[in-house]
Every structure is written in structure tokens, then in C-alpha cells.
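Given next are the chains, with one letter for each unit.
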Amino acid sequence: MITVMNEAERLARATLLFHRGGMWTEQDRATWRTLTGSEHATTVTLCLLARAITEPSWRCPRCAALTFHPRDIEQRYCGRCHRFAETEGAP
Ligand SMILES: [Zn+2]
């Protein structure tokens, strides 16, 4: 699991993978999910990553989903996991 990577590095790696061409393996898809937090390999996902470089954002440490919602950022809430980051590790 990649934990120390800034959004610019994520964008660079995701862009390389996106434009590599050819058929993706399951490993490629897993890498994409890790980098982007999205199942969908589209330019929209790349644009979201680019936005994260210039706009305040927060990425869920659990599922890697990215949010730009100010309230989610403030509360460290993930809309995909439906939980707060502070509850991480709680039973
Ligand atoms: Zn999450």
C-alpha cells in the first residue's frame, strides 16, 4: 500500500498508466485504484487528480477516495466508506 505520495506524483503515475495503451492487467487496475481511488480509468479521474493539486482536498486513508467538499475535508469524512477517519481502527 502506497501511503506517502503527494497528489502531483499520483497524477504523474496515473497519467503514464492511462496513456500506456494496450490491455490492462488486474495489477494495472489495482494500481489505478490505488493511485486515483477510482474504479474508472477515464480522463475525468485524471482531471480530479489535477484539481487536487491546486484545490483543498482530502483523501480517505482507507479507500483512497478523493473529496473536495469543504465539510468532508474539515471533518475528514469519507462519503464512500460512510465513516470518519478518526474512527479508523475502532471496532
Ligand atoms: Zn473511504
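All values derive from a computational prediction rather than experimental measurement.

A. Unusual backbone geometry, seen in detail. Unlike most non-glycine residues, Ala64 shows phi in positive territory, near 75°. Its location among the elements puts Ala64 in the loop between β1 (58-59) and β2 (66-67). Judged by C-beta crowding, with 18 C-beta atoms within 10 Å, Ala64 ranks as partly exposed. Notably, Arg76 is not glycine yet its phi reads approximately 55°, a positive angle. If you trace the backbone, Arg76 turns up in the loop between α4 (70-75) and β3 (77-78). For Arg76, a count of 17 C-beta atoms within 10 Å gives the class partly exposed.

B. Inspection of helix α2 (residues 26-36) at higher detail. Looking only at α2, the buried set comprises Trp32, Leu35 and Thr36. Viewed end-on, α2 has its buried residues packed into an arc of 75°, placing them on one side of the element. The exposed residues of α2 that point more than 90 degrees off its buried face are Glu26, Gln27 and Ala30.

C. Region of interest: the domain arrangement of the protein chain. The domain boundaries assigned to the protein chain delineate domain 1 (1-55) and domain 2 (56-91). Centre-to-centre, using C-alpha coordinates, domain 1 lies 19 Å away from domain 2. Residue-level contacts link seven residues of domain 1 with eight residues of domain 2. If you list the elements that add at least two residues to the side of domain 1 that touches domain 2, you get α2 and α3 (43-54). Looking at the side of domain 1 that touches domain 2, the element that brings in the most residues is α3, giving three residues. Split into classes, the residues belonging to the side of domain 1 that touches domain 2 amount to two nonpolar, two polar and three charged.

D. The arrangement of the nonpolar core in detail. Counting eight residues, the largest nonpolar core is built from Leu11, Ala14, Trp32, Leu35, Leu48, Leu49, Ala52 and Leu66. Among the secondary structure elements, those contributing two or more residues to this core are α1 (7-18), α2 and α3. Here this core gets three residues from one element, more than from any other, and that element is α3.

Parameters at a glance
Residues numbered from 1 in each chain as written. Predicted model: local features only at pLDDT ≥ 70, side-chain atom pairs only at ≥ 80, totals over all residues. Helix = DSSP H or I, 4+ residues; strand = E, 2+ residues; numbered from the N terminus. Buried ≥ 20, exposed ≤ 12 C-beta atoms within 10 Å, placed from the backbone. Arc of directions from axis to C-beta. Domains from an automatic or database assignment. Contact = placed C-beta atoms within 7 Å. Nonpolar A, V, L, I, M, F, W, Y, C, P; charged D, E, K, R; others polar. Core = buried A, V, L, I, M, F, W, Y, C linked by C-beta atoms within 7 Å.

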